[in-house]
Amino acid sequence: MTRKGRRLTLIASMLAVLGVAAGLVLFAMRDSIVFFYGPSELAEKALSPGTRLRIGGLVKDGSVVRGENKSISFVITDSNKEVRVAYVGQVPDLFREGQGVVAEGVLVGPGQFRADSVLAKHDEKYMPREVADALKKQGVWNDGAPAPAASK
Amino acid sequence: MITEIGHYALVLALALAMVQSTAPLWGVWRGDVALMATARPVAVAQFLLIALSFAALTHAYLISDFSLLNVVENSHSAKPLIYKISGVWGNHEGSMLLWVLILALFGALVALGSRAMPVDLAAATLAVQAWVGAAFLFFILLTSNPFLRLAQPPIEGRDLNPILQDLGLAIHPPLLYLGYVGFSITFSFAAAALICGRIDASWARFVRPWTLLAWIFLTLGIAMGSYWAYYTLGWGGFWFWDPVENASLMPWLAGTALLHTAAVMEKRDALKIWTIFLAILAFSLSLLGTFLVRSGVLTSVHAFANDPARGVFILAILVFFIGGSLALFAWRASRLRQGGIFAPVSREGALVLNNLLLTTCCATVFVGTLYPLALESMTGEKISVGAPFFNLTFGPLFVPIMLVMPLGQMLAWKRGDLLGAAQRLMVALAVGFAVALIFGALRGGPVLSIVGVAIAAYLVVGSFVEVYGRIAARGVTLGGAISRAMGLPRSAWGTAFAHAGIGVTLFGLAATGWGVELVQTIKPGDQIALGPYQLVVGDIVKRPGSNFDATVAPMEVRSGGVVVATVNPAKRFYPARQMPTTEAGIATLGLGQVYVSLSQQNPDGSLDANLYWKPFVTLIWIGTLLMALGGGLSLSDRRLRIGVARRARTPAAQPAE
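For clarity, every value in this text was computed on a predicted model and none was experimentally measured. (Residues numbered from 1 in each chain as written. Chains lettered and ligands numbered in written order. Predicted model: local features only at pLDDT ≥ 70, side-chain atom pairs only at ≥ 80, totals over all residues. Heavy atoms only, no water.)

Caption draft 1: Here's a closer look at the nonpolar core. Residue and element names in this part refer to chain B. By size, the foremost hydrophobic cluster in this structure holds 172 residues, and its most contacted members are Trp99, Phe189, Trp203, Leu253, Ile276 and Phe398. In terms of residue count, the dominant contributor to this core is helix H8 (residues 167–196) (17 residues). When sequence neighbours within four positions are dropped, the list of residues in contact with isoleucine 276 reads Ala190, Ala193, Leu194, Ile199, Trp203, Phe329 and Leu336. Core analysis: the second largest hydrophobic core is formed by 20 residues, Leu530, Tyr533, Met555 and Leu598 among them. (Core = buried A, V, L, I, M, F, W, Y, C linked by side-chain atoms within 4.5 Å. Buried < 20%, exposed > 50% of the residue type's maximum accessible area, 1.4 Å probe, protein only. Helix = DSSP H or I, 4+ residues; strand = E, 2+ residues; numbered from the N terminus. Contact = heavy atoms within 4.5 Å.)

Written out as structure tokens, the structure is:
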């Protein structure tokens, strides 16, 4: 095969593979991307129930209710709006009232959320970044204000 | 005092790095051999100074010198010795110091092992390496200095993040950095080749061992990180498609591609420009990984602290090196003459396909990792791209790689016989189908798992078909076959083992579909059926550790009434940080594992637990060990030994002169 022929084969196969990859990426982007909102943003957006989301904020003090069979319910707040989250399963070690949390799951109704995973922060030093940002938007948090988050 | 010596050594190292990054290049420019010759001793000295600095920081950790801010924030006098040592890099500043230490180590190794290299190439390589070193030394000294003192030292430190107090911290970061940063040297080689405007098969011979070395360490580092996450995070997962994991996977994919094109270049003098590009790409992705992990743009256990100045600094380094090297590439690559011609169906053709697929896989991971960051910085929308995205994109692109892998091994250079190769693979195909039938009949379960183990079996058998064909010809006795096997080039064995390793890992991944998962409340005396085993819960006890308190729920694992293992899942509480952690109880039975992790204790004294039976799960990591073993075998191949290039070159180079 000539150099030109070889080059054409190469380019054709390259385009084919890249085309397939681009198709896969676009397809997957449509179905498996999850948006993140804080409680206030969530209230503004008025999304339809069934939307898959990640929400984050602080676990409201005194809001945690543990039920039968590891079911747990708590309120995520940014001190402006609140979302009640229902979850069945184990919550992470660092899940506590008054601390940052991120929940991924499905919106059930206005202010009602059913989570299928709950994440807390990795260590006591800082908030999940999304949560910190969402709280900053509400003016509840600024860098260095809460004592545990400021140890730098 | 020792601390100040360490600090000063770091500053001196920066000065030397700056010398090393300019003087040899000036020498190359002017053709001045004396200037070029400065590169080697300076590279070694630079490494020794950084090593001294690292030793000083380690010393501060060992004696718990709480006048050092870094030690206060990350250590505790009651911490076990091993974590005092590994705690040195269990924080941002220390891990960056380890980063430059390894960078300088590779520079020094090249300086010592490059006697066979043309003097200008060696000088330019070490100079480029020093550019990278100088940039990161600046970064450490200006934004992340581990030697900062406190005016009023506290009596006790704040302890290391308990999640990091694990043997994994002693192993995972050094291995990963040896891999990550190891690609710096191939980057430097590539930039040097562009600067010198000369590249040939002997260049590939110099570069390949370093690529292999970095690749082996990166493979082990990723595998170790995955196993660590698996046993420490307590939910039994081993790969989360977390941006930080992706950051290490991308250089691995590019590095794997580079490994294969370097072989083409060495043997056939082809694909030169592409090889150079991959060498730049692999290290660029390592730098990107460093940026993602160290800048605090991501929330992760790896991101120790958020400081915007650091992020901007690393971003600047990133832009400078990636932009600079690509500009150099655009400017000089056209000077490199293209080499040998080959037919599409040939070993070269197969390796081109391998590269095409690997880099495309890498690109999808890149898109999935960076798209959320790009979207957020442009629109403020926060999204997460999780496992479903990567499974949908990476999976379908990686399957063809695995299918054609054994085929490629069997094609001849220049022009291959596709039909013949396919015929020789019939055995592997048959084994694959047989495995699918056996597992389908015995276990049933998800179709993907059955397809997965079938491909895995095909790949493992297919990887060795080529070697088998070279050993066992008609009429060869067993003794003859063994001596033939010993006589085969080690790199042939290396390829077979590394490829089979991918099959073995795939088998472990596919078998997760047959796992059993239970969430239960347990109390002493409970009997729980878990897959083929029964678990009997013993008395829940409190056991104090050196710097934590533990609640342990020992369990017996029984098979048909016989105790085959015990597991001791525990909850730990670290008072220094007021932080609980979960210690999974794991028992390896055959190739599978029983995995128990505890969550909270209920008011009545019972515990909530996650219990898993994971058949064949150890194969995931055994496969990666096989890949590394394959890399090691190739590295030990006579042809690739560092320094051999000179002996081989002397007669061969004659006609070319």
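Caption draft 2: Seen up close, helix H6 (residues 92–113) of chain B. Taking 1.5 Å of rise per residue, the 22 residues of H6 of chain B would be expected to cover 32 Å, and the 31 Å separating its terminal C-alpha atoms lies within 8% of that figure. The buried fraction of H6 of chain B is high, at 18 of 22 residues. (Expected span 1.5 Å × (residues − 1).)

Caption draft 3: Representation of the confidence of the model for chain B. All names here are of chain B. With 95% of its residues at a pLDDT of at least 70, chain B reaches an overall mean of 88. Per-element confidence in chain B ranges from a low mean pLDDT of 43 for helix H21 (residues 644–652) to a high of 96 for helix H3 (residues 39–62). Counting interchain partners and residues more than four positions distant, the pLDDT-below-50 stretch residues 642–657 has 12 contacts. (pLDDT = per-residue confidence, 0-100.)

Caption draft 4: Here's a closer look at the domain arrangement of chain B. Residues and elements named next belong to chain B. When cut into domains, chain B gives domain 1 (1–165) and domain 2 (516–614). Between domain 1 and domain 2 lies a buried interface of about 790 Å² when both sides are counted; carbon and sulfur atoms form 55% of it. Three residues, Asp159, Pro162 and Gln165, lead the burial of domain 1 against domain 2; their summed loss comes to 50% of the area buried on that side. For the interface between domain 1 and domain 2, the tally reads 0 salt bridges. On inspection of domain 1 and its partner domain 2, the count reaches 1 residue pair in polar contact (both at pLDDT 80 or more). The class makeup of the residues in the side of domain 1 that touches domain 2 is 5 nonpolar, 4 polar and 4 charged. (Domains from an automatic or database assignment. Buried area = accessible area lost by both parts, 1.4 Å probe. Salt bridge = Lys/Arg side-chain N within 4 Å of Asp/Glu carboxyl O. Polar contact = N/O pair within 3.5 Å; in protein donor to acceptor, adjacent residues only side chain to side chain. Nonpolar A, V, L, I, M, F, W, Y, C, P; charged D, E, K, R; others polar.)

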